[in-house]
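# A structural walkthrough
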Amino acid sequence: MNRPARPARFPLPLDRLAAGAKPVAPELLRPQRPLQHAAQHAAKNAAAQGQGAPRGLGLDSAAVRARMVARLRTEGLSCGPVLQAFAQVERHRFVDTALATQAYEDTSLPIGLSQTISKPSVVARMLALLFEGESARAAGHLGRVLEIGTGCGYQAALLTLLARSVVSIERLKPLHDKARENLEGHRHGGLRLVFGDGRLGHAPNAPYDSIVAAAGGEDLPAAWLDQLAVGGRLVAPVHDATRGGQVLLVIDRQPQGLARRWHDAVHFVPLKSGTA
Ligand code: SAH
């Protein structure tokens, strides 16, 4: 059953957004002059003062994120809730201080242990695809979410603003610990961080309305499909032999069975088995 796509409604009353978070003023969503120099300056100052994440002029400013949001809009992303979430979550706080000045460019960045935080446009695309699932469209939010590959926790932070509850699994202990640290104060969406092999999903909280993977395998683990609720949607990078690379696979669990659609070509880190 294919329904015509409808624009997603704004999902959550504002009191469900992050504490202190405000809706983005329309003027902040207009393209602005590059703030890169100010941001670099702020980062340099912060580093010189021995601080952690850079503060003050530049990276802490909502205007820096608004510029990223404006670029996502220009590229055709129109999902309001996703744009709102990108405007709120401070991506620079999830990466190494030395990389903070690049945090709002559309680029993937190393997060240690040979892993990367995905580029904002790809994360935004995946979240927007989740919003077009049947349950998400009906509810106006992503419901119960399973994320495979917590990494530094940036996408998990976005998800807490868009979902009722979030279970995020990471197989590398140092990254799981780091994400826990980074996500202090991002508990609004009922966030649960799990250290384990995400190929097995997380049965205790199943079924999920939305499942999103940040690592790509040769196949799709059966547990993910088993744990997908009726009306739910899964978005994951999977190797596609005919196209010779990774492609975003979207799967909807409909009452009468699974519907699959292949989307954009992508490049994610590999989905591995076991923990380390
Ligand atoms: N969403 C993350 C992206 C992290 S990169 C962010 O915002 O930072 C993908 C992550 O998937 C890596 O941290 C990698 O260790 C993890 N990963 C790979 N295979 C996994 C598995 N089987 N279970 C859980 N995590 C896995």
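What comes next is a walk through the structure. Everything quoted here is computed from the prediction, not taken from an experiment.

Turning to the pattern of salt bridges, a few remarks are in order. In total, this model carries eight salt bridges according to the counting rule given. Note that aspartate 264 and arginine 125 form a salt bridge whose closest N and O atoms lie 3.0 Å from each other. One end of the pair, aspartate 264, is in strand β9 (residues 257–265); the other, arginine 125, is in helix α4 (residues 120–131), and 139 residues separate them in sequence. Given the relative accessible area of 31%, aspartate 264 is considered partly exposed. The partner of aspartate 209 in a salt bridge is arginine 144, with the nearest N and O atoms 2.8 Å apart.

Before going further, it helps to examine unusual backbone geometry. With an omega of 5°, the peptide bond between alanine 206 and proline 207 qualifies as cis. For proline 207, the location among the structural elements is in the loop between β5 (191–195) and β6 (208–213). The phi dihedral of leucine 113 falls on the positive side, at around 55°, and the residue is not glycine. Positive phi, normally seen in glycine, also occurs at serine 114, with a value near 65°. Tracing the chain through its elements places serine 114 in the loop between β1 (109–112) and β2 (115–117).

Tracing the backbone through its elements, the reader meets serine 108 in the loop between α3 (80–88) and β1. Residues serine 108 and phenylalanine 268, 160 residues apart in the sequence, show an inter-C-alpha distance of 9.7 Å.

Moving on, we come to the site of the ligand. Lining the immediate environment of the ligand, one finds 27 residues, of which Thr116, Glu170, Asp197, Gly198 and Lys272 sit closest. Here a nitrogen atom of the ligand and a side-chain polar atom of glutamate 147 are 3.2 Å apart. With the chains in place, 99% of the 580 Å² that the ligand exposes on its own is no longer accessible. Among the cavities detected, the one that contains the ligand is the largest cavity. Take the shell around the ligand: its biggest share by element is three residues, from β2. Along the lines of polarity and charge, the residues of the shell around the ligand split into 12 nonpolar, nine polar and six charged.

Once that is clear, we can look at the packing of helix α2 (residues 62–74) against α3. Running from N to C, α2 and α3 cross one another at 155°; their axes reach a closest spacing of 8 Å. Considering their axes alone, α2 and α3 lie roughly antiparallel with respect to each other. The two elements α2 and α3 cross, and the hand of that crossing is right-handed. Contact residues: α2 offers Arg65, Met68, Val69, Leu72 and Arg73, while α3 offers Leu83, Phe86, Ala87 and Gln88. Class assignment for the residues of the contact of α2 with α3 results in six nonpolar, one polar and two charged.

The seven strands lie next to each other as β5-β4-β3-β6-β7-β8-β9, forming an open sheet whose pairing is mixed. The open sheet has two free edges, formed respectively by β5 and β9, since each of these has just one partner strand. Averaged over all pairs of adjacent strands, the angle between strand axes in this sheet comes to 15°, irrespective of strand direction. Looking at chain direction, β6 and strand β7 (residues 228–240) are connected through four bridges and run parallel.

Moving on, we come to the packing of aromatic side chains. Under the defined criterion, the tally for this structure stands at two aromatic pairs. Within the aromatic cluster, the residues linked to one another by ring pairs are Phe86, Phe94 and Tyr154. When the ring centre of tyrosine 154 is taken as origin, the NZ or CZ atom of arginine 91, which lies over that ring, is 5.6 Å away. Note that lysine 173 overlies the ring of phenylalanine 195, its terminal NZ or CZ placed 5.9 Å from the centroid.

The rules behind the values
Within every chain, residues take consecutive numbers counted from 1 along the sequence as written. Given that this is a predicted model, residues contribute local features only at a pLDDT of at least 70 and side-chain atom pairs are listed and counted only at 80 or more, while totals for whole chains, interfaces and linings are drawn from all residues. Where side-chain values are given, they derive from all heavy atoms of the structure, hydrogens and water being excluded. One side-chain nitrogen of Lys or Arg within 4 Å of one carboxyl oxygen of Asp or Glu is enough to make a salt bridge. Each helix is a run of DSSP H or I of at least 4 residues and each strand a run of E of at least 2, with the numbering of both proceeding from the N terminus. Exposure is judged per residue with a 1.4 Å probe applied to protein chains only, and the accessible area is read against the type maximum: over 50% gives exposed, under 20% gives buried, and values in between give partly exposed. A molecule or strand has a residue near it when one of that residue's heavy atoms lies within 4 Å. Contacts described as polar in this section are N or O atom pairs within 3.5 Å, which, within protein, must combine one atom able to donate a hydrogen with one able to accept it, while residues neighboring in sequence count only if both atoms come from side chains. Computed with a 1.4 Å probe, the accessible areas rest on the Shrake-Rupley method; for each residue, only the protein chains presented here act as cover. We place a 1 Å grid over just the protein atoms. Points where a 1.4 Å probe fits but has no way out form a cavity, open points with protein on both sides within 12 Å along at least 5 of 7 lines form a pocket, and any residue with an atom within 4 Å of a point lines it. Think of it this way: if more than half of a molecule's atoms are within 2 Å of a pocket's grid points, that molecule is in the pocket or cavity. In the scheme used here, Gly and all other residues not listed as nonpolar or charged are polar, with Ala, Val, Leu, Ile, Met, Phe, Trp, Tyr, Cys and Pro taken as nonpolar and Asp, Glu, Lys and Arg as charged. Orientation is described by lines fitted to C-alpha atoms, with helices fitted over the stretch in contact, and by angles between N-to-C directions that extend from 0 to 180 degrees. Angle categories: roughly parallel below 35 degrees, roughly antiparallel above 145, roughly perpendicular from 65 to 115, and oblique for all the rest. Crossing handedness is read from the near helix: turned anticlockwise from the far helix by less than a right angle, it gives a left-handed crossing, and turned clockwise, a right-handed one. Any pair of residues with heavy atoms lying within 4.5 Å of one another is described as a contacting pair. For two strands to be treated as a pair, DSSP must find at least two bridges joining them. Classification of ring pairs uses Phe, Tyr and Trp, with its six-membered ring standing for Trp, and accepts pairs whose centres are within 6.5 Å; under 30 degrees between planes counts as stacked, over 60 as edge-to-face, and the remaining range as tilted. Any Lys NZ or Arg CZ that is within 6 Å of a ring centre and within 35 degrees of that ring's normal is treated as a charge sitting over the ring.

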